[in-house]
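Spelled out from the first residue to the last, the chains are:
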Amino acid sequence: MARAGDIISYLEMCRIEGVNLQRGMNYRLHSDYSVILMSLRQGAPYADRVEENGKVLIYEGHDIPKTNANLNPKVIDQQAVNPSGTLTQNGLFFAAAIEFKSGKRQAELIKVYEKIHSGIWAYNGIFRLVDSWQELESARLNSGKKLSNPRKVFKFRLELTHSDIINEHAAKWKDIEHNRLIPASVKLEVWKRDKGKCVICGSANNLHFDHIIPYSRGGSSLTAANIQLLCARHNIAKRDKIE
Ligand SMILES: [Zn+2]
């Protein structure tokens with residue numbers, strides 16, 4: 001079982017989820033949770049961001065598919081409904097968030113994986129989907145040039161839970177003081193600095209983004225100076241010493 005902060009290959013990620021993951025948004029990939037893939041690297045297609053010191057992830061919805069009729073999806077409103085009338089992934093996640101807000105259901109649980117490097121993914125943990133809305137953003141041409149007329153995009157507010165397992169506790173979890181998401185830019189900086197290896201033994205297997213000073217003891221998630229790569233063996237050895 002993956003723990004938040006674990007670094008895994010694409011194949012391991014697919015093995016854990018039992019499917020070949022292709023899409024970014026996967027509502028109810030399994031009977032009790034959804035899966036989202038994200039990428040914050042420069043040039044990544046969507047404007048995801050980390051807020052409130054790493055407690056909250058704001059995930060952007062997805063564009064309509066690129067086709068011959070729609071050569072630039074970035075100038076077109078993101079859609080909640082397919083031409084066939086079924087809900088898009090945006091629509092499915094949006095409806096779940098609105099039902100949660102109106103008290104009709106518990107928060108949808110979402111496992112979030114993040115691409116940090118080619119073939120290298122970080123497992124960011126289990127999040128609760130607590131809100132969704134639409135925003136106007138400036139439409140962009142393929143060249144990156146911004147157009148003056150805005151378009152509508154979906155935003156999803158995901159709160160990190162403290163849980164490693166999907167259960168009722170995770171769905172209701174509110175006190176998230178013990179866990180923080182490490183922003184992608186920090187992950188990438190640490191990955192490069194530590195050269196994709198455990199800083200103690202040099203192993204390149206079963207790596208984990210480790211807080212040098214734990215978050216619960218005041219250590220920051222937001223600076224590479226407090227994050228290092230450790231293999232599973234040295235990560236567990238360190239945790240045992242602290243606890
Ligand atoms: Zn090691």
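As the structure is a prediction and not an experimental result, all values here were calculated from the model.

Check the secondary structure of the chain and you find 5 helices and 10 strands. A globule of 243 residues ought to have a C-alpha radius of gyration of about 18 Å, and the chain, at 19 Å, matches this closely. Classification of the 243 residues of the chain by burial places 46% in the buried group. Residue pairs at least 24 apart in sequence account for 61% of intrachain contacts in the chain once pairs closer than 6 positions are excluded. In the structure as shown, the chain presents an accessible area of about 12,400 Å², 52% of it carried by carbon and sulfur atoms. Charge centroids of the chain, computed over 35 positive and 26 negative side chains, lie 4 Å from each other.

The subject of this paragraph is the coordination of the zinc ion. Donor atoms from the polypeptide that bind the zinc ion are Cys 198 (SG), Cys 201 (SG), Cys 231 (SG) and His 234 (ND1), placed at 2.0 to 2.3 Å. In this structure, the zinc ion is surrounded by 4 donor atoms whose angles at the metal cover 96 to 115°, and the resulting shape is tetrahedral. Here the donor residues of the zinc ion are spaced in sequence according to C-x2-C-x29-C-x2-H. In this structure Cys 231 comes out as buried when scored by relative accessible area, which is 5%.

The subject of this paragraph is unusual backbone geometry. Although it is not a glycine, Arg 28 adopts a positive phi angle of roughly 50°. Mapping Arg 28 onto the fold places it in strand β2 (residues 25-30). The phi angle at Lys 195 is positive, at roughly 55°, despite the residue not being glycine. Among the secondary structure elements, Lys 195 is positioned in the loop between α4 (184-193) and β9 (207-211). By relative accessible area, which is 64% here, Lys 195 ends up exposed.

Summarising the model, the chain shows a mean pLDDT of 89, and 94% of its residues fall at 70 or more. Across the chain, the element-wise mean pLDDT spans from 76 in helix α3 (residues 168-172) up to 98 in helix α2 (residues 89-101).

Further remarks concern the pairing of β9. With 5 of its 5 residues buried, β9 lies for the most part within the structure. Burial along β9 is two-sided: Leu 207, Phe 209 and His 211 facing one way and His 208 and Asp 210 facing the other are all buried. As defined by bridge partners, β9 adjoins strand β10 (residues 227-231) across 5 bridges and the pair is classed as antiparallel. What sits directly across from Leu 207, in β10, is Cys 231.

Bringing the pattern of salt bridges into the picture now. A full pass over the atoms with the stated rule returns 15 salt bridges. The salt bridge involving Arg 157 is made with Glu 159; its shortest N-O contact spans 3.8 Å. By relative accessible area, Glu 159 is classed as buried at 18%. Residues joined in a network through salt bridges with shared partners are Glu 60, Asp 63, Lys 74, Glu 137, Arg 151 and Lys 155.

Attention now goes to α2. In this model α2 runs 18 Å from its N-terminal to its C-terminal C-alpha over 13 residues, within 8% of the 18 Å that 1.5 Å per residue would give. Downstream of α2 by a residue or two, Gly 103 has a phi angle that is positive, lying close to 80°.

This brings us to the nonpolar core. One finds Phe 93, Val 112, Leu 129, Phe 156 and Leu 158 to be the most contacted residues of the largest nonpolar core, which totals 18 residues. At the level of elements, β2, β3 (33-38), β5 (56-60), α2, β6 (108-117), β7 (120-140) and β8 (146-160) are the ones that each hand at least two residues to this core. No other element matches β8, which puts 4 residues into this core. Residues in contact with Phe 156, not counting those within four places in the same chain, are Met 25, Leu 57, Ile 58, Tyr 59, Glu 60, Gly 61, Asn 90, Phe 93, Phe 94, Leu 129, Asp 131 and Ser 132.

Tracing the sequence through the fold places Asn 235 in helix α5 (residues 232-242). Assessed through its relative accessible area of 3%, Asn 235 is described here as buried.

Moving on to the pairing of β7. Within β7, 15 of the 21 residues are buried, which leaves it mostly tucked inside the rest of the structure. Taken together, the 3 bridges between strand β1 (residues 7-9) and β7 define a ladder with antiparallel strand orientation. Residue pairing across strands places Ile 8 opposite Trp 121, the latter belonging to β7. In the sheet, β6 pairs with β7 via 9 bridges, with the strands oriented antiparallel. Note on β7: the bridge partner recorded for Lys 111 is Ile 126. Examined bridge by bridge, β7 and β8 share 12 bridges and lie antiparallel to one another. Looking across to β8, one finds that Phe 127 is bridged to Leu 160.

Criteria and cut-off values
Residues numbered from 1 in each chain as written. Predicted model: local features only at pLDDT ≥ 70, side-chain atom pairs only at ≥ 80, totals over all residues. Heavy atoms only, no water. Helix = DSSP H or I, 4+ residues; strand = E, 2+ residues; numbered from the N terminus. Rg over C-alpha atoms; globule rule 2.2 N^0.38 Å. Buried < 20%, exposed > 50% of the residue type's maximum accessible area, 1.4 Å probe, protein only. Contact = heavy atoms within 4.5 Å. Areas by Shrake-Rupley, 256 points an atom, 1.4 Å probe, with all protein chains shown as cover. Lys, Arg positive; Asp, Glu negative; His and termini not counted. Charge placed at Lys NZ, Arg CZ, Asp CG, Glu CD. Donors = N, O, S within 2.8 Å, 3.2 Å for Na, K, Ca; no water. Tetrahedral: all angles 85-135°; square planar, octahedral: opposite > 155°, others 65-115°. pLDDT = per-residue confidence, 0-100. Pairing = 2+ DSSP bridges. Salt bridge = Lys/Arg side-chain N within 4 Å of Asp/Glu carboxyl O. Expected span 1.5 Å × (residues − 1). Core = buried A, V, L, I, M, F, W, Y, C linked by side-chain atoms within 4.5 Å.

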